[in-house]
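What follows is each chain in one-letter form.
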Amino acid sequence: MRVIVHDLGEQYNALLKNKCDELICADGKYAPCQGCFGCWTKTPEKCFIKDMLREACRVIGNADELILITQNCYGAYSPAVKNILDRSIGLSTPLSTYRAKQMHHTLRYGKHELLSVIAYGDITEAEKATFELMVQRNAVNFGFIKSKFHWSDDIEKLEEIL
Amino acid sequence: MKTVMINASPKKKMSVSSYFLFLQRLFVGGKVIKEKLRNKGDHKRLLETVSEADSIVFCLPLYVDGVPSHVLMFLKELEQYCRENSLDLNVYVISNGGFIEGNQNRVLMQVFENFCNRSGINWCGGIGIGGGVMLNVMRIMFFIYFGIFLLNIISGSSLQDALIYLAKQWGIILFFNIGVLFYNIGMGTAISRGRRFGVKFTRAMMPSFLFIIVADIFFILISIFKGGIFRGWLKGSSKKSL
Ligand SMILES: Cc1cc2nc3c(=O)[nH]c(=O)nc-3n(C[C@H](O)[C@H](O)[C@H](O)COP(=O)(O)O)c2cc1C
C-alpha cells in the first residue's frame, strides 16, 4: 500500500489521490499527542482523542511506501505533518529491541519498504543536513528499510518527482 | 539575569521534563520564571514573558526523533516575534527521550539551532538525555527511602545507622542521575553568566541491555494495570483507512 501525507492544502487532493492508495491531508484540524501512551497500554492502536487521527497508526503502519510532503520548518516537518507522526506511534509496540545498533520499539505491523520525504519552501544548507539525518532516523524508528529525502524549490514539479 | 524555564511537555503532571527542569533550576542564579507550554492557549502569555527575559530554557520530550508538533507550532510564532521585536535571547534546551541513548536527541538539538539562526537569537546548546522516563520514575524512590528512614528512627534504630542507610540508598539513585547532574551544573553556570554551553548527551547510568529489560517489565506492568494487554496488545489489525 502506498500512502501519501501532505500539507499542501485541499486543492492538491485530486492530483495526489491518483498517486496512492490512501491520502491524508495534513490540514491541522486535529489535536497534538498528549504523551499518555494509551495507544500502547490501554487501547492498543487507538488514541483517546476522538478526531480524524484516532487510528492513524493503522494507516501509517500498514503502508509499504510512505510519502510525506511537507513544508520545511527548521530542518523538520511542518507542525501539521509532525502531528500525524506523533499520533502514529501505535505502529510500534511497547516492547523494546535493537535496530541499527540503538534501542527502538518492536513493530506492530512489521517492516515497510520505503519512506520518502519531499520538503518544499525555503531551506538553508544546515536545515537540509538536519532533515536528511532526521529522515534516516525516522525510517529506522518506524521500521522502513529504505529512505529518501528530496527537496524541491518548485512544488509545481511535484508530479515529476512522484 | 532573568531566565524563563519552559516545561514543554504536554502532560499535566509528573512529566519527565518537570523533573529535569527542577534539577536544572537548582543551579541557575538570578531571577527565574517557570512556565508551561502545553497548547496554543499558552502562546500569547509565553511571548510576553519571553520578551522581558535574557535566557530561555526549553525542557521538552523527544517525539519521533524530533521536536513535538505543539512545540514546533510555538517556535514558528516565536521566530516571528523575535524578528519583529529584535529580541536578544540566549536559548538552552534540555530534551529527554525514552530510549537509553542520549545522542538520539541530536536531531532535536539541530532543529533548535536552526530555529535560533532564523530568529536571530543565540543558540547556546543543551543537554540531550536518554532513559528519561526511568530517572523520573526513580524520583519516587527518594521519598520512599526517606519514609523508610523515618520508620527506622521511630522503631528505635540509632540515628547514625538510619542516616547511613538513607545516604546509601539515595547515593545509588543519585548515581543513575550523575551524568545529568554533572551537565546541569555546567549548564547552570553558563546560563547564569550568559555564556554558550554547547550540546552534550548523557543518559541514565545503566547498560542498555539491562535498561531494555527494565523498560519491558515497566510497560508490561502498566499494560496489565490499564488493561491494554488484554486488548490485542501486540497485534496489528489490517484496517487501512482513517
Ligand atoms: C509520540 C511520542 C513519540 C516518542 N518518540 C520518541 C523517540 O523517538 N525517541 C525516544 O527516545 N523517546 C521517544 N518518546 C518517549 C518520550 O520522549 C519520553 O516518554 C519522555 O520522557 C516524555 O517526557 P515528558 O514526560 O516530559 O513528556 C516518544 C513519546 C511519545 C509520546
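The rules behind each value
- Sequence order as written defines the numbering, with residues in each chain counted from 1.
- Throughout, the order in which chains and ligands are written sets their labels, letters from A for the former and numbers from 1 for the latter.
- At least 70 in pLDDT is required for a residue's local features to be given in this predicted model, at least 80 for side-chain atom pairs to be given and counted, and no such filter applies to totals for whole chains, interfaces and linings, which use all residues.
- As a rule here, side-chain values cover all heavy atoms of the structure and leave hydrogens and water aside.
- With a 1.4 Å probe rolled over the protein chains alone, any residue whose accessible area is under 20% of its type maximum counts as buried; one over 50% counts as exposed, and the rest are partly exposed.
- Numbered from the N terminus, helices here are DSSP runs of H or I no shorter than four residues, and strands are runs of E no shorter than two.
- Strand pairing follows a simple DSSP-based rule, namely that at least 2 bridges must link the two strands.
- Definition of nonpolar core: a set of buried residues of the types Ala, Val, Leu, Ile, Met, Phe, Trp, Tyr and Cys, connected through side-chain atoms within 4.5 Å.
- Only heavy atoms enter the contact rule, under which two residues are in contact if any of them lie within 4.5 Å.
- Crossovers are described as right-handed under a simple rule: with the strands pointing away from the observer, the path leading from the first strand over the helix to the second runs clockwise.
- A quick way to say it: buried area is the sum, across both parts, of accessible area lost when two parts are put together, with a 1.4 Å probe.
- We define a salt bridge as a contact between a side-chain nitrogen of Lys or Arg and a carboxyl oxygen of Asp or Glu at a distance within 4 Å.
- Contacts described as polar in this section are N or O atom pairs within 3.5 Å, which, within protein, must combine one atom able to donate a hydrogen with one able to accept it, while residues neighboring in sequence count only if both atoms come from side chains.
- Classes in brief: Ala, Val, Leu, Ile, Met, Phe, Trp, Tyr, Cys and Pro nonpolar; Asp, Glu, Lys and Arg charged; the others, Gly included, polar.
- All axes here are fitted lines through C-alpha atoms, helices being fitted over the stretch that makes contact, and every angle between N-to-C directions spans 0 to 180 degrees.
- Two distance rules govern patches: like charges are joined within 9 Å, and nonpolar side chains (Val, Leu, Ile, Met, Phe, Trp, Tyr) within 5 Å, applied only to residues with over 30% relative accessible area and no salt bridge.
- For the accessible areas, the method is Shrake-Rupley and the probe is 1.4 Å, while residue cover comes only from the protein chains on display.
- The near set for a molecule or strand comprises every residue that places at least one heavy atom within 4 Å of it.
- Every angle not falling under 35 degrees, over 145, or within 65 to 115 is termed oblique; those three ranges are roughly parallel, roughly antiparallel and roughly perpendicular.
- Left-handed is the label given to a crossing in which the near helix is rotated counterclockwise from the far helix by less than a right angle, and right-handed is the label when the rotation is clockwise.

Caption draft 1: Inspection of the pairing of strand 6 (residues 112-120) of chain A at higher detail. Residues and elements named next belong to chain A. In terms of residue burial, strand 6 counts as a mostly covered element, since eight of its nine residues are buried. As defined by bridge partners, strand 3 (residues 65-71) adjoins strand 6 across seven bridges and the pair is classed as parallel. When the sheet's bridge partners are listed, Ile67 is paired in strand 6 with Ser116. In terms of strand pairing, strand 6 meets strand 7 (residues 144-152) through eight bridges, oriented parallel. If you follow Leu115 over to strand 7, its bridge partner there is Ser147.

Caption draft 2: A look at the nonpolar core. Residue and element names in this part refer to chain B. Membership of the largest hydrophobic core comes to 72 residues, with the highest contact counts inside it found for Phe58 and Phe112. The element that contributes the greatest number of residues to this core is helix 4 (residues 106-119), accounting for seven residues. The residues contacting Phe58, other than those within four sequence positions of it, are Ile6, Phe74, Leu75, Leu78, Val91, Tyr92, Val93, Ile94 and Phe112. Of all hydrophobic cores here, the second largest spans 40 residues; its members include Met5, Phe20, Val32 and Val57.

Caption draft 3: Looking closely at the pairing of strand 3 (residues 55-61) of chain B. All names here are of chain B. The element strand 3 is extensively covered by neighbouring structure, given that seven of its seven residues are classed as buried. The two faces of strand 3 match: Ser55, Val57, Cys59 and Pro61 on one face and Ile56, Phe58 and Leu60 on the other face are all buried. As paired elements, strand 1 (residues 2-7) and strand 3 share five bridges and run parallel to each other. Considered in strand 3, the bridge of Thr3 is made with Ser55. A crossover links strand 3 with its parallel partner strand 4 (residues 90-96), the connecting element being helix 3 (residues 69-84), and its sense is right-handed.

Caption draft 4: Geometry of the environment of A:Val135. Residues and elements named next belong to chain A. Position of Val135 among the secondary structure elements: in helix 5 (residues 125-142). The sequence separation of Val135 and Phe149 amounts to 14 residues, and the corresponding C-alpha distance is 6.8 Å. Dropping the residues within four chain positions of it, Val135 is found in contact with Tyr77, Leu115, Val117, Ser147, Lys148 and Phe149.

Caption draft 5: Here's a closer look at the interface of chain B and chain A. Across the boundary between the two partners, chain B contributes 54 residues, which contact 58 residues of chain A. Of the roughly 4,800 Å² buried between chain B and chain A on both sides combined, carbon and sulfur atoms contribute 59%. A salt bridge links A:Asp122 to B:Arg118; its shortest N-O distance comes to 3.0 Å. Counting the contacts that link chain B with chain A gives 28 residue pairs in polar contact (both at pLDDT 80 or more). Looking at the side of chain B that touches chain A, the elements with two or more residues in it are helix 3, helix 4 and helix 8 (208-226) of chain B. Looking at which element gives the most residues to the side of chain B that touches chain A, the answer is helix 8 of chain B, with eleven residues. A breakdown of the residues in the side of chain B that touches chain A according to their chemical character gives 24 nonpolar, 16 polar and 14 charged.

Caption draft 6: Quick look at the sheet that holds strand 3 of chain A. Residue and element names in this part refer to chain A. An order of 2-1-3-6-7 is seen for the five strands of this open sheet, with the pairing classed as parallel. A strand with exactly one partner marks an edge of an open sheet, and here the two such strands are strand 2 (22-25) and strand 7. In this sheet, neighbouring strand axes are inclined to one another by 15 degrees on average, regardless of whether the strands run parallel or antiparallel. Across four bridges, strand 1 (residues 2-6) lies against strand 2 in parallel orientation. Across the sheet, the residue bridging to Ile4 is Leu23, located in strand 2. Contacting strand 1, strand 2 and strand 3, helix 4 (residues 79-86) crosses the sheet at an angle of about 145 degrees to strand 3.

Caption draft 7: A nonpolar patch on the surface, seen in detail. Side chains of A:Tyr98, B:Phe209, B:Leu210, B:Ile213, B:Ile217, B:Ile220, B:Leu221, B:Ile224 and B:Phe230 sit close together on the surface and give an oily, nonpolar patch of about 890 Å² of accessible area. Sorting elements by how many residues they give to the nonpolar patch places helix 8 of chain B first, with seven residues. Relative to the helices and strands, A:Tyr98 resides in strand 4 (residues 92-99).

Caption draft 8: Region of the structure containing the site of the ligand. Taken together, the neighbourhood of the ligand is formed by 21 residues, with B:Ser9, B:Lys11, B:Ser17, B:Leu62 and B:Asn96 sitting nearest. The local environment of the ligand is shared, drawing residues from chains A and B. Backbone polar atom of B:Val16 to an oxygen atom of the ligand: 2.8 Å apart, as the coordinates give it. Measuring from a nitrogen atom of the ligand, one finds a backbone N or O atom of B:Val64 at 2.8 Å. Considering the ligand on its own, with 640 Å² of exposed area, one finds that the protein chains cover 95% of that surface. Along the lines of polarity and charge, the residues of the shell around the ligand split into ten nonpolar, eight polar and three charged.

Caption draft 9: Layout of the packing of helix 1 (residues 16-25) of chain B against helix 7 (residues 178-193) of chain B. All names here are of chain B. As a packed pair, helix 1 and helix 7 sit with axes 9 Å apart at the nearest point and diverge in direction by 60 degrees. Accordingly, the angle class assigned to the pair helix 1 and helix 7 is oblique. The handedness of the crossing between helix 1 and helix 7 is right-handed. Together, Phe20, Leu23 and Gln24 of helix 1 and Val180, Leu181, Asn184, Met187, Gly188 and Ile191 of helix 7 make up the contact between the two elements. For the contact of helix 1 with helix 7, a count of residues per class yields six nonpolar, three polar and no charged.

Caption draft 10: Examining the sheet that holds strand 1 of chain B more closely. All names here are of chain B. Strand order across the open sheet formed by six strands is 2-1-3-4-5-6, with parallel pairing between neighbours. Of all strands in the sheet, those with a lone pairing partner are strand 2 (31-36) and strand 6 (198-203), marking the two edges. Taken over all neighbouring pairs, the strand axes of this sheet differ in orientation by 15 degrees on average, direction set aside. Pairing analysis gives six bridges linking strand 5 (residues 122-130) to strand 6, with the strands arranged parallel. Pairing of Ile129 across the sheet is with Thr202, part of strand 6.

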